[in-house]
Amino acid sequence: TARDKLLTVGSAGFSGGLESAGVQGSIGFTDEAFVLDLVLEAARIDVDAFTDRLFSDNAKDSSNAEEFWKTPLRGTVRLTAQEVTKDSFTCKPFEALVTFADRAGTVNTEGTIMCGVALPATVRISPGMVSLEARPKAEKIPLQGFEMCLYGDDDLMTGKLKMKVQDAYSMRSSPQVIGAA
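Residues numbered from 1 in each chain as written. Predicted model: local features only at pLDDT ≥ 70, side-chain atom pairs only at ≥ 80, totals over all residues. Heavy atoms only, no water.

### Considerations on the overall build of the chain
Each helix and strand in the chain was counted, giving 3 helices and 14 strands. Out of the 181 residues in the chain, the part that is buried amounts to 22%. Contacts spanning at least 24 positions in sequence make up 32% of the contacts within the chain whose residues lie at least 6 apart. Of the roughly 13100 Å² that the chain leaves accessible, carbon and sulfur atoms contribute 56%. (Helix = DSSP H or I, 4+ residues; strand = E, 2+ residues; numbered from the N terminus. Buried < 20%, exposed > 50% of the residue type's maximum accessible area, 1.4 Å probe, protein only. Contact = heavy atoms within 4.5 Å. Areas by Shrake-Rupley, 256 points an atom, 1.4 Å probe, with all protein chains shown as cover.)

Structure representation (structure tokens):
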């Protein structure tokens with residue numbers, strides 16, 4: 001529904017390659033920018049396929065990276081997917097809040113899990129710059145399952161692991177041994 005300078009999307013779908021997604025929310029149009037307030041939901045997103053289409057030489061002129069950064073975007077897109085793949089890595093589920101500002105974007109992931117490890121992170125992206133702050137967290141996940149998830153069937157690590165850690169809250173605490181036999 002379009003009214004004045006606001007396009008409201010009650011429910012719509014789109015597809016690219018093998019992936020498809022649903023979208024709802026609104027897109028506002030001001031003299032300065034497009035203002036997004038959208039929710040995007042998908043079963044699966046292949047990041048490599050998406051970026052290949054977006055930034056390939058065969059993409060339309062308005063789809064290249066330089067043109068993307070020239071587009072004045074503001075607002076947020078909430079993205080949820082049952083899985084997101086990048087190279088050989090898969091996040092199940094993937095939840096992110098993408099915020100747009102002047103020639104910059106910020107991706108905050110709170111409900112994202114990869115190989116049993118929670119991956120709350122903040123990625124800031126602007127032309128020529130990416131910064132990442134991640135706070136991975138895992139408790140009592142089997143090392144063999146984690147290794148299989150990251151590396152597939154090939155055993156890249158064998159043996160026993162002993163690790164000394166110190167309480168992050170008090171540097172005066174005594175070291176603890178994890179997995180000591």
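So, next bit.
### Some thoughts on the nonpolar core
The tendency in soluble globular proteins is for nonpolar side chains to be buried as a group. Ranked by internal contacts, the top residues of the largest apolar core, which has 22 residues, are L36, L40, I45, V77, A81, F94 and F100. Those residues in contact with L40 that lie beyond four places of it in its chain are F14, A21, G22, V23, V77, R78, L79 and T80. (Core = buried A, V, L, I, M, F, W, Y, C linked by side-chain atoms within 4.5 Å.)

### Let's talk about unusual backbone geometry
Going from K92 to P93, the amide bond is cis rather than trans, its omega being -15 degrees. Turning to its location among the elements, P93 is positioned in the loop between β6 (89–91) and β7 (94–101). Of note in the backbone geometry, C115 takes a positive phi value of approximately 55 degrees without being a glycine. Checked against the element boundaries, C115 lands in the loop between β9 (113–114) and β10 (117–118).

### Describing a nonpolar patch on the surface
The grouping of L7, F29 and F34 at the surface amounts to a nonpolar patch, some 220 Å² of accessible area in total. Overall, F29 belongs to the partly exposed group, its relative accessible area being 34%. (Patch = residues over 30% accessible without salt bridge, like charges linked within 9 Å, V, L, I, M, F, W, Y side chains within 5 Å. Salt bridge = Lys/Arg side-chain N within 4 Å of Asp/Glu carboxyl O.)

### Focus on the pattern of salt bridges
A side chain of one charge can pair with a side chain of the opposite charge when the charged atoms of the two come close. This structure, assessed with the given rule, holds 9 salt bridges. A salt bridge links K92 to E83, with the nearest nitrogen and oxygen atoms 3.7 Å apart.

### Details of the pairing of strand β11 (residues 121–126)
By the bridge criterion, 5 bridges tie strand β8 (residues 104–109) to β11 in an arrangement that is antiparallel. Across the sheet, residue G105 finds its bridge partner in β11, namely I125. Sheet analysis places β11 next to strand β12 (residues 129–134), joined by 6 bridges and oriented antiparallel. By the bridge assignment, I125 is partnered in β12 with V130. In sequence, β11 turns back onto β12 through a hairpin of 2 residues, with G128 there showing a positive phi of about 75 degrees. (Pairing = 2+ DSSP bridges.)

### Regarding the pairing of β8
The side chains of a regular strand alternate, first on one face of the sheet and then on the other. With burial as the criterion, only one face of β8 is covered, namely that bearing G105, V107 and T109; the residues A104, T106 and N108 on the opposite face remain uncovered. Examined bridge by bridge, β7 and β8 share 6 bridges and lie antiparallel to one another. Bridging from a neighbouring strand, V98 pairs with V107 of β8. Following β7, the chain reverses through 2 residues before pairing antiparallel with β8; R103 in that reversal takes a positive phi of roughly 45 degrees.

### Considering the side chain of T85
With respect to the secondary-structure elements, T85 resides in strand β5 (residues 73–86). A relative accessible area of 9% places T85 in the buried class. In contact with T85, not counting residues within four places along its chain, are R44, I45, D46, V47, D48 and T90.

### Focus on the side chain of T122
Within the secondary structure layout, T122 lies in strand β11. Within the local environment of T122, its side chain forms a polar contact with the side chain of N108, the two groups lying 2.7 Å apart. Apart from the residues lying within four places of it in its own chain, the contact partners of T122 are T106, V107, N108, S131, L132, E133 and R135. (Polar contact = N/O pair within 3.5 Å; in protein donor to acceptor, adjacent residues only side chain to side chain.)

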